[in-house]
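Each chain is listed here by its residues.
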Amino acid sequence: MKKASFLTSLSFVILIFSNSQLKSQTQKTMQTESKTLFEKGEKVKNENFIGTAYLKMLVTNDPENPITVGNVTFEPGARNRWHKHPGGQILLVTDGIGYYQERGQAKKILRKGDVIKCPPNVEHWHGASIDSHFSHLAIGNSDKEAVIWLQPVTDAEYTQ
């Protein structure tokens, strides 16, 4: 009888511990998801991106603030085309691992906290690494012309 009571008590403790572990894991997952600085936004549905990317505009041009700020999130392997900004561009990396490359330069690996200042009219591309998502804030000068999109980044350029 004592043995059965002990086994029942032990089973109850194991069940509570398992439930506690599951609850703890769920809370960790929710905390990870809530650590995202800005919402992911809408899926980009144009030919200027290869793979899946999302955009959430945070600041749009107005007379007092001639800038735009967009939160861009790339799924693993996604990237944009070669392009340039007549007013330049600043990228503030907020999450994941990504790449940035200017025409004629080596590809840079970007991580959370990195800052890229791309001068006006410099051809470049950016996107996620092959095995990580990548998010950044893209800041542009909207007093200048819009982005000039160029040719796609080839798989060879992406993987070199």
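Rules of the game
Residues numbered from 1 in each chain as written. Predicted model: local features only at pLDDT ≥ 70, side-chain atom pairs only at ≥ 80, totals over all residues. Heavy atoms only, no water. Helix = DSSP H or I, 4+ residues; strand = E, 2+ residues; numbered from the N terminus. Buried < 20%, exposed > 50% of the residue type's maximum accessible area, 1.4 Å probe, protein only. Contact = heavy atoms within 4.5 Å. Salt bridge = Lys/Arg side-chain N within 4 Å of Asp/Glu carboxyl O. pLDDT = per-residue confidence, 0-100.

In the annotation of an unreviewed UniProt entry, the chain is listed under the name Cupin domain-containing protein and assigned to Chryseobacterium kimseyorum.

Within the chain, the secondary structure is distributed over 2 helices and 12 strands. Beginning at the N terminus, the succession of helices and strands in the chain can be written as α-β-β-β-β-β-β-β-β-β-β-β-β-α. Looking at the chain as a whole, 31% of its 160 residues are labelled buried. Once local pairs closer than 6 in sequence are excluded, the contacts in the chain between residues at least 24 apart make up 67%.

Of note in this structure, Asn121 is not a glycine but carries a positive phi near 60 degrees. With respect to the helices, strands and loops of the structure, Asn121 is situated in the loop between β9 (115–118) and β10 (124–128). By relative accessible area, Asn121 is classed as partly exposed at 44%.

Where charged atoms from two side chains of opposite charge come close, those side chains can pair. Per the stated rule, a full pass over the model turns up 3 salt bridges. A salt bridge links Glu157 to Arg103; the shortest N-O distance between them is 3.8 Å. Separated by 54 residues along the polypeptide, Glu157 in helix α2 (residues 155–159) and Arg103 in the loop between β7 (89–102) and β8 (108–111) bring together distant segments of the chain. Bridged by salt links that share partners, the residues Arg103, Glu123 and Glu157 form one connected network.

On to the confidence of the model for the chain. In regions of low pLDDT, the predicted coordinates are not meant to be interpreted in detail. Mean pLDDT over the chain works out to 83, with 78% of the residues at or above the 70 mark. Here residues 6–34 scores under 50 on pLDDT; set against residues more than four positions off or in separate chains, the count is 0 contacts.

This part takes up the environment of Gly113. Topologically, Gly113 is positioned in the loop between β8 and β9. On the basis of relative accessibility, which here comes to 57%, the residue Gly113 falls in the exposed class. Residues Gly113 and Leu92, spaced 21 residues apart in sequence, show a C-alpha to C-alpha distance of 6.8 Å.

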